Amino acid sequence: MNPWRWVDPRIQEVRVADVEAFFVRRGWRLMPNPNGELLRFEHPSEGNGAAFFQMVPASEETADFRQRITELVTTLSELEECHPVQVLEDILSGDGAERIRENGESVDRTKATTGPVGR
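Within every chain, residues take consecutive numbers counted from 1 along the sequence as written. With pLDDT at 70 or above as the cut-off, local features in this predicted model cover only qualifying residues; side-chain atom pairs require 80 or more to be listed or tallied, and sums for whole chains, interfaces and linings still use all residues. Based on all heavy atoms of the structure, the side-chain values leave hydrogens and waters out of the count.

Caption draft 1: Broad picture of helix 3 (residues 84–92). Of all the nine residues making up helix 3, seven are buried; the element is thus mostly covered by neighbouring parts of the structure. Buried means the residue's accessible area, taken with a 1.4 Å probe over protein chains only, is under 20% of the maximum for its type, while exposed means over 50%, and partly exposed covers the values in between. We count a stretch as a helix when DSSP gives it H or I for four or more residues in a row; a strand needs E for two or more, and each element gets its number in order from the N terminus. Buried within helix 3 are the following residues: P84, V85, V87, L88, D90, I91 and L92. In this analysis, two residues are considered to be in contact whenever any of their non-hydrogen atoms come within 4.5 Å of each other. Against helix 1 (16–25) and helix 2 (65–80) lie the buried residues of helix 3.

Okay, structure coming up:
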């Protein structure tokens, strides 16, 4: 799937904590990685095959963070055989859902229903 055909503006809201919580909820493990700029998440293989892994930037400050998250969401949607927006919603609805708006108000994304946070 072409990742640029589906991009939802809420991709801007994704934080590293959201991605980590998403992976943990699905049974992935955060593994040691010699490159401190990348987090390595592994999912145990079914059978005798090698574990499947995904690399994610360790910081939202990484220059290509949004691009990498867009590619991650697209890849996960293909693995889970669903639309990328469903994966994005699952990422945004998890344990890392508490956010602080620019005006200082907090919002619990699990209760928010529309509109991006931070406006």
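Following the structure, the description resumes.
Caption draft 2: Structural detail: the packing of aromatic side chains. By convention, a stacked pair of Phe, Tyr or Trp rings (six-membered ring in the case of Trp) has centres within 6.5 Å and planes under 30 degrees apart, an edge-to-face pair has planes over 60 apart, and any other such pair is tilted. Counted by the stated rule, this structure contains four aromatic pairs. A ring pair is formed by F23 and W28, whose centres lie 4.7 Å apart and whose planes are at 50 degrees; its orientation type is tilted. The exposure classification of F23 matches that of W28, with both residues buried. Between F23 and F41, the ring centres sit 4.5 Å apart and the planes meet at 25 degrees, which makes this aromatic pair stacked. Taken together, the residues span a long stretch of sequence, with F23 in helix 1 and F41 in strand 2 (residues 38–43) at a distance of 18 residues. Taking relative accessible area as the criterion, F41 reaches 1% and is therefore assigned buried. Put simply, the rings of F22, F23, W28, F41 and F52 pair up and form one aromatic cluster.

Caption draft 3: Up close: the packing of helix 1 against helix 2. Interaxial distance between helix 1 and helix 2 falls to 12 Å at its minimum, and their mutual angle equals 20 degrees. The pairing of helix 1 with helix 2 is recorded here as roughly parallel in orientation. In this structure, helix 1 crosses over helix 2, and the sense of that crossing is left-handed. Side by side, helix 1 and helix 2 meet where V16, V19, F22 and F23 of the first sit next to F65, I69, L72, L76 and E80 of the second. For the contact of helix 1 with helix 2, a count of residues per class yields eight nonpolar, no polar and one charged. For helices, the fitted axis covers only the stretch in contact; all axes are lines through C-alpha atoms, and the angles between them, taken along N-to-C directions, range from 0 to 180 degrees. What sets the label is the angle itself: under 35 degrees gives roughly parallel, over 145 gives roughly antiparallel, 65 to 115 gives roughly perpendicular, and the rest give oblique. By definition, turning the near helix anticlockwise from the far helix through less than a right angle yields a left-handed crossing, and turning it clockwise yields a right-handed one. Only Asp, Glu, Lys and Arg are considered charged in this grouping, and only Ala, Val, Leu, Ile, Met, Phe, Trp, Tyr, Cys and Pro are considered nonpolar; every other residue, Gly among them, is considered polar.

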